[in-house]
Structures are given as C-alpha cells and as structure tokens.
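Each chain, written out:
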Amino acid sequence: MADSPTEGVKSVARVFDLLELIADAGGDVTLSELSTMAELPLPTIHRLLRTLVSLGYARQLANRRYALGPRLVRLGEVANRQFGQLAKPQLKDLVARLGETANLATIDGDQVIYVSQAPSPHAMRMFTEVGRRSGLHNTGVGKAILSQFDDDVVRDIVARTGLPKTTEHSIDSLDALLDDLHLSRERGYAIDDGEQEIGVRCYAMTVPGAPVPTAVSVSGPVARVDEAFAARAIPVLREVVQEIAAVTA
C-alpha cells in the first residue's frame, strides 16, 4: 500500500533531517550515530539511507560510515548562485556608499564559500572569485559566521580542520580564536586584519535569520580601510545585512 499523504510528508521531512544531521556531524556518520541523533529506529534510518544512496544524495564509505553524496554538490552550487544573485543589489549599494569591495559568503562544510561579489571601482582593490572556498578562522566572513556558534561547536570544527596559517597574522591557536570570536560577538562584527592576505583589512557581519549561516564583508587595502573607514562602514553594514535578510527570507 502506498504511503498516505501525511506519511509521505513525514518521510520527506525525515530525509532532509538526515542530510542535515550528516552535514552537522562534519560530513560522515555511522548508522547508529544517525539513529541516536534522529531519535528514529535503526530500520527506518537504514531504509531512508538506502534510498538516498541509490539516488546519489548519500554514499556509503568503505568503513561503512555514511556521507553526503555527489548529487548534492550541483544542488548546492545552483542554490548558492541564486542566493548570491538575490543579494547583488545590496552588495552594489554597499560598494557605492563605501567604495570598497563587498562579498557575500555562506558556510560550506567546515569552510566558507563566496557566493556573490560587487567589486570596488578602485584600481587597487580586493578580489575574491565567486565560488572560492576559504578557512573559517582566517577570513572576516568566516569569523563572523563562527561567532554565531557556541565555543564547543568551534572546538569541533577546529579539531577537524586545524588552524592553517595563510599569513603571519593568521590566528593559529584555539584560545586566540575563541578570544577573537568573543570580541566579535560583543561588538557585532568580525575583523580580518591581514589574516587572509597581507595588506588587506576586512570588516564582516552576519546576515540575521539567513537560511544558512551567512556573512557580508567589505574589504580593501589597509591604506584606505582604516579606523575612520570602520566608523563609516559599520553602520552601513548593519543596514545592508538587514536588507539582505529581508530579501532572502
């Protein structure tokens, strides 16, 4: 007998819950771990995973753990492009008001991915290719996103990724990162001060209520992006992230 409409909706919801649980766990889990996290019986979890594997949305690894499947990559890339396009007018407005490059980035596993950009009109400017993935710990957008998580989540991410140094200014200890995130939470924005690229400073702020953790940044050479720039930029950033929140809700 076919599932009733109610049962069908429940199954679809459970499938998406499983995919999100695998992502939250860092990308791969055991059947029993999923059963505990989802609070569902093992046979139910196994049936749903078998369907996801057959469709390519999940895969079983050699060690019998389950991971996200390759077909999700295409869906994520298309969704990111569409999400980035929604915010493009606000990014262009940010550039028009501040004169420096604006970026929109979301979390992608244990990294950030840049999904939209509006370039500065200056000949010397910051440029980050849309689609590029970078560290969470050494970018303004990454630290803004991390500041939304509690310290235990940050510790779990660092345990998986480490803290590779991109420049001599990159944060390379967990205690220093947690201190930096605490400061970001207090002031409401994150700063990348030459941590991703020497000579470049970036101010970043999260988009409230975004469907996935998302941040907007404005960045440029330290000669132009100084304390006086910050005094002008932070209020504008606050306006822009609220506008992006409204159009992407």
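Everything below is about the structure shown above.
Keep in mind that this is a model prediction, so the values were computed, not measured. (Residues numbered from 1 in each chain as written. Predicted model: local features only at pLDDT ≥ 70, side-chain atom pairs only at ≥ 80, totals over all residues. Heavy atoms only, no water.)

Draft legend 1. Inspection of the pattern of salt bridges at higher detail. Overall, the coordinates contain 13 salt bridges when judged by the stated rule. Measuring nitrogen to oxygen at the nearest pair gives 3.5 Å for the salt bridge that ties R97 to D93. Of the two residues, R97 and D93 both sit in helix α4 (residues 71-98), four residues apart, roughly one turn of that helix. With relative accessibility at 36%, the residue R97 sits in the partly exposed group. Taking relative accessible area as the criterion, D93 reaches 28% and is therefore assigned partly exposed. The partner of E100 in a salt bridge is R224, with the nearest N and O atoms 2.6 Å apart. Taken together, the residues span a long stretch of sequence, with E100 in the loop between α4 and β4 (101-108) and R224 in the loop between β9 (214-221) and α8 (227-248) at a distance of 124 residues. Under the relative-accessibility criterion, E100 is labelled buried at 2%. In this structure R224 comes out as partly exposed when scored by relative accessible area, which is 26%. Through salt bridges with shared partners, one network takes in D28, E33 and R65. (Salt bridge = Lys/Arg side-chain N within 4 Å of Asp/Glu carboxyl O. Helix = DSSP H or I, 4+ residues; strand = E, 2+ residues; numbered from the N terminus. Buried < 20%, exposed > 50% of the residue type's maximum accessible area, 1.4 Å probe, protein only.)

Draft legend 2. Main features of the packing of aromatic side chains. Summed over the entire model, instances satisfying the criterion amount to two aromatic pairs. Taken together, the ring pairs connect Y189, Y203 and F229 into an aromatic cluster. Its guanidinium or amino end placed over the ring of Y189, R187 lies 5.2 Å from that ring's centre, counting from NZ or CZ. (Phe/Tyr/Trp six-rings, centres within 6.5 Å; stacked < 30°, edge-to-face > 60°. Lys NZ or Arg CZ within 6 Å of the ring centre and 35° of its normal.)

Draft legend 3. Expanded view of the pairing of strand β5 (residues 111-118). Summarising burial for β5: seven of the eight residues are buried, a large majority. Pairing between β4 and β5: seven bridges, direction antiparallel. In the strand pairing of β5, D108 is matched with Q111. Here β4 hands over to β5 after two residues, with G109 in that stretch at a positive phi of 65 degrees. As paired strands, β5 and strand β6 (residues 133-135) are joined by three bridges and run antiparallel to one another. Looking across to β6, one finds that I113 is bridged to R133. (Pairing = 2+ DSSP bridges.)

Draft legend 4. Expanded view of the environment of G69. Topologically, G69 is positioned in the loop between β3 (66-68) and α4. Residue classification places G69 among the buried residues on the basis of a relative accessible area of 5%. A C-alpha to C-alpha distance of 8.7 Å links G69 and L55, two positions 14 residues apart in sequence.

Draft legend 5. Inspection of the sheet that holds β3 at higher detail. What the three strands build is an open sheet, ordered β1-β3-β2; its pairing is antiparallel. Two strands close off the open sheet at either side, each with one partner strand: β1 (28-29) and β2 (58-60). Of the pairings in the sheet, the one linking β2 to β3 comprises three bridges and is antiparallel in character. Looking at the pairing, R59 lines up with A67 of β3. The sheet contacts of helix α3 (residues 42-55) involve β2 and β3, and relative to β2 the element is tilted by about 105 degrees. (Contact = heavy atoms within 4.5 Å. Axes fitted to C-alpha atoms, helices over the stretch in contact; angles between N-to-C directions.)

Function-wise, these values are silent; they only describe arrangement.
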